[in-house]
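# Descriptive structure summary
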Amino acid sequence: MAKKKQYTVSDGKLVLTFKPQPEGGYVISSPLDPELLTEGETIEEGFDNARDAAEVLQACRDERRKTVRSGRDK
């Protein structure tokens, strides 16, 4: 059985790798942010989901930094 290809594409803001899944759709990751992981049925949906995931990751990182900084202030 031939191995399915993976595709790395960019929309000018995000760089994403799309790995086709046997059941359909894609698992989506970013070579520039190893914590970003999502899925989508289409490339467009994948970018939408990745944007949402990137926002959540950034909010978590901001909160973590704030918690670390406030812990240092005590």
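Worth saying up front: this structure is predicted, and the values here are computed from it rather than measured.

Another point: the packing of aromatic side chains. Applying the stated criterion to the full structure yields two aromatic pairs. Taken together, a centroid distance of 5.7 Å and an interplanar angle of 45 degrees make the contact between phenylalanine 18 and phenylalanine 47 tilted. Of this pair, phenylalanine 18 sits in strand β2 (residues 15-20) while phenylalanine 47 is found in helix α1 (residues 43-72), placing the two residues 29 residues apart along the sequence. Phenylalanine 47 matches phenylalanine 18 in its accessibility class, with the two residues each being buried.

Below, the discussion takes up the environment of alanine 54. Residue placement: alanine 54 occurs in helix α1. Residues alanine 54 and threonine 38 lie 16 residues apart in sequence; the distance between their C-alpha atoms is 9.8 Å.

Applying the stated criterion across every chain, the model contains six salt bridges. Of the charged contacts in the structure, one is a salt bridge between aspartate 33 and arginine 61, with a shortest N-O distance of 2.8 Å. You can see aspartate 33 sitting in strand β4 (residues 33-40) and its partner arginine 61 sitting in helix α1, a full 28 residues away along the chain. Residue arginine 65 is joined to aspartate 62 by a salt bridge in which the shortest nitrogen-to-oxygen separation is 3.0 Å. Here the residue arginine 65 and the residue aspartate 62 both occupy positions in helix α1, the gap between them amounting to three residues, near one helical turn.

Parameters and conventions
Residues numbered from 1 in each chain as written. Predicted model: local features only at pLDDT ≥ 70, side-chain atom pairs only at ≥ 80, totals over all residues. Heavy atoms only, no water. Phe/Tyr/Trp six-rings, centres within 6.5 Å; stacked < 30°, edge-to-face > 60°. Helix = DSSP H or I, 4+ residues; strand = E, 2+ residues; numbered from the N terminus. Buried < 20%, exposed > 50% of the residue type's maximum accessible area, 1.4 Å probe, protein only. Salt bridge = Lys/Arg side-chain N within 4 Å of Asp/Glu carboxyl O.

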